[in-house]
Amino acid sequence: QAIEYEITEFVPVLSFGIYRITDKSVSIRRMGDLADIAKRTVKYGDDSVYTFYSESMLEKMREEKRIENEMQTALDMHEFSVFYQPKVSLDGKVNLTGAEALVRWISPIHGTVSPGLFIPMLEENGFISQVDLYVGTKVKEFLEHLYETNHRLVPISVNLSRMDFFDKKMIKKLLDGIRNSGMPGQFVRYEVTESAYTTLADSDNRTLSELHNMGISILLDDFGSGYSSFSAIREYKFDILKLDMGFISNLEKSERTRLIIRSIISMAHSIGMKVVAEGVENKNQYEYLVSHECDYIQGFYFSKPLPEKEFAKLLVKKDKQ
Ligand code: C2E
Ligand code: MG
Ligand code: MG
């Protein structure tokens, strides 16, 4: 039943964990704990509000805990490194105009682990904010290094997780870090995904505005992969839209996809946004995007994400320009 409290009504969301008693020697307390573990696996929106405890739940928790413990060591031991994937613009010829910073975990035990594997886990345990701050710091150091060694500077974008917006200290650190670095805002960019955007509260939206006021461009990542893309661009003035890879991979197969891509590019332009296509892997895709005035291209067709040194080589020295 809904509970009325002061001026509003609360609808309780219930979930149950069940421990089936087969061994009576297990203490009541432990049975309760195990039922609790089962309960935590029930997610809001699931078909069922209850789950039975199984051994594998405990094993999964242990595994996550192990990785979680390894993460702190990994951060302390500098096992995370940042790769840079070039973005090119297409005004007549191909120009290197920026990069996206992508984190890699190079673990002595597991080898190179892709972020697709460890980021969802880090988002769950909240550790992601520390990694994002680390990536942000590395990017600033890299830009400073490029500046000092007379390289051409290009804007580099850092991915922010939706978890970052829940953590006020993290946001403050992020903003202070940029202010204190003296780095002009135009070289730092942030990519926010739709799912991050949809969970933003008003105060978080203010954070985005604050970043904006510092001259930092904000990109809406993976546009079109979720279900709230349009409300995101309606409610917040993102500067650049990143067309989800799913569109590009279907481009050649589907006339319908091509028409949607064209329409999105022209819609974005009409509201003053630029468009990046990500996941461009071949000439056909590239040519289609160029002919429909997509502003920037990112993908294996031009380059995979590169380590710092290799990326720096692409930035022509000022004096040789
Ligand atoms: P994303 O931000 O959409 O990044 C693009 C992903 O597409 C990268 O995967 C990139 O390596 C991959 N990619 C680039 N070009 C191509 C292509 O032509 N074809 C194909 N098939 N893939 C391409 P990656 O590096 O594995 O990152 C996966 C996701 O993990 C990223 O998606 C981003 O959401 C997240 N991520 C990566 N680094 C960070 C980080 O430092 N912080 C946070 N919060 N998230 C990160
Ligand atoms: Mg991104
Ligand atoms: Mg993306």
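A brief look at the structure comes next.

Rules used throughout
- Residues numbered from 1 in each chain as written.
- Chains lettered and ligands numbered in written order.
- Predicted model: local features only at pLDDT ≥ 70, side-chain atom pairs only at ≥ 80, totals over all residues.
- Heavy atoms only, no water.
- Helix = DSSP H or I, 4+ residues; strand = E, 2+ residues; numbered from the N terminus.
- Buried < 20%, exposed > 50% of the residue type's maximum accessible area, 1.4 Å probe, protein only.
- Contact = heavy atoms within 4.5 Å.
- Areas by Shrake-Rupley, 256 points an atom, 1.4 Å probe, with all protein chains shown as cover.
- Lys, Arg positive; Asp, Glu negative; His and termini not counted.
- Charge placed at Lys NZ, Arg CZ, Asp CG, Glu CD.
- Arc of directions from axis to C-beta.
- Salt bridge = Lys/Arg side-chain N within 4 Å of Asp/Glu carboxyl O.
- Donors = N, O, S within 2.8 Å, 3.2 Å for Na, K, Ca; no water.
- Patch = residues over 30% accessible without salt bridge, like charges linked within 9 Å, V, L, I, M, F, W, Y side chains within 5 Å.
- Near = heavy atom within 4 Å.
- Polar contact = N/O pair within 3.5 Å; in protein donor to acceptor, adjacent residues only side chain to side chain.

Here we look at the overall build of the protein
Stage number 1. Counting its secondary structure elements, the protein contains 13 helices and 14 strands.
Stage number 2. The C-alpha extent of the protein, read off along each of the three principal axes, is 80 × 45 × 45 Å.
Stage number 3. A buried classification covers 43% of the 321 residues belonging to the protein.
Stage number 4. For the protein, long-range pairs separated by at least 24 residues make up 63% of all intrachain contacts whose partners lie at least 6 apart in sequence.
Stage number 5. A total accessible area of about 18300 Å² is found for the protein, and carbon and sulfur atoms account for 53% of it.
Stage number 6. One way to put it: in the protein the 40 positive side-chain charges average out to a point 3 Å from where the 47 negative ones average out.

Quick look at helix α12 (residues 283-291)
Stage number 1. The set of residues buried in α12 consists of Q285, Y286, Y288 and L289. Viewed along the axis of α12, the buried residues span an arc of 165°, placing them on a single side of the element.
Stage number 2. Considering only its buried residues, α12 is in contact with α10 (245-250), α11 (255-270), β12 (274-278) and β13 (296-298).

Describing the pattern of salt bridges
Stage number 1. A full pass over the atoms with the stated rule returns 12 salt bridges.
Stage number 2. The partner of R66 in a salt bridge is E59, with the nearest N and O atoms 3.7 Å apart.
Stage number 3. With a relative accessible area of 38%, E59 lands in the partly exposed category.
Stage number 4. One salt-bridge network, in which partners are shared between bridges, spans K87, E100, E191, K242 and E278.

Remarks on the coordination of the magnesium ion (ligand 3)
Stage number 1. The protein atoms that coordinate the magnesium ion (ligand 3) are D221 (OD), D222 (OD), E278 (OE) and E278 (OE), at distances of 2.0 to 2.7 Å.
Stage number 2. Considered as a linear motif, the donors of the magnesium ion (ligand 3) on their single chain read D-D-x55-E.
Stage number 3. Between the magnesium ion (ligand 3) and the magnesium ion (ligand 2), both coordinated by D221, there is a metal-metal distance of 4.0 Å. With D221 in strand β10 (residues 217-223) and E278 in strand β12, the pair connects residues that are 57 residues apart, well separated along the chain. The burial state of D221 is the same as that of E278; both residues are buried.

Here's the deal with the coordination of the magnesium ion (ligand 2)
Stage number 1. Surrounding the magnesium ion (ligand 2) are the protein donor atoms E100 (OE), N159 (OD1), E191 (OE) and D221 (OD), which sit 2.1 to 2.3 Å from the metal.
Stage number 2. Given a relative accessible area of 0%, E191 falls into the buried group.
Stage number 3. Note on D221: relative accessible area 5%, which makes it buried.

Structural notes on the side chain of S89
Stage number 1. Checked against the element boundaries, S89 lands in strand β5 (residues 80-89).
Stage number 2. By relative accessible area, S89 is classed as buried at 6%.
Stage number 3. The contact partners of S89, leaving out residues within four places of it in the chain, are V94, N95, T97, D295 and Y296.

Re a nonpolar patch on the surface
Stage number 1. A contiguous nonpolar surface patch, about 490 Å² in accessible area, is contributed by L14, F16, V49, Y50 and F52.
Stage number 2. Along the chain, F52 turns up in strand β4 (residues 50-52).
Stage number 3. The exposure class assigned to F52 is partly exposed, which follows from its relative accessible area of 35%.

Here we look at the site of ligand 1
Stage number 1. Lining the immediate surroundings of ligand 1 are 24 residues, of which R104, D132, M245, E281 and F300 lie closest.
Stage number 2. Between a nitrogen atom of ligand 1 and a main-chain N or O atom of V103, the distance comes to 3.2 Å.
Stage number 3. One nitrogen or oxygen atom from the side chain of N159 is found 3.1 Å from an oxygen atom belonging to ligand 1.
Stage number 4. Notes on ligand 1: free accessible area 800 Å², of which the protein chains cover 82%.
Stage number 5. Mapped by element, the contributors of at least two residues to the shell around ligand 1 are β6 (95-107), α3 (115-125), α4 (128-148), β8 (156-160) and β10.
Stage number 6. Considering each element in turn, the shell around ligand 1 owes the most residues, 4 residues, to β6.

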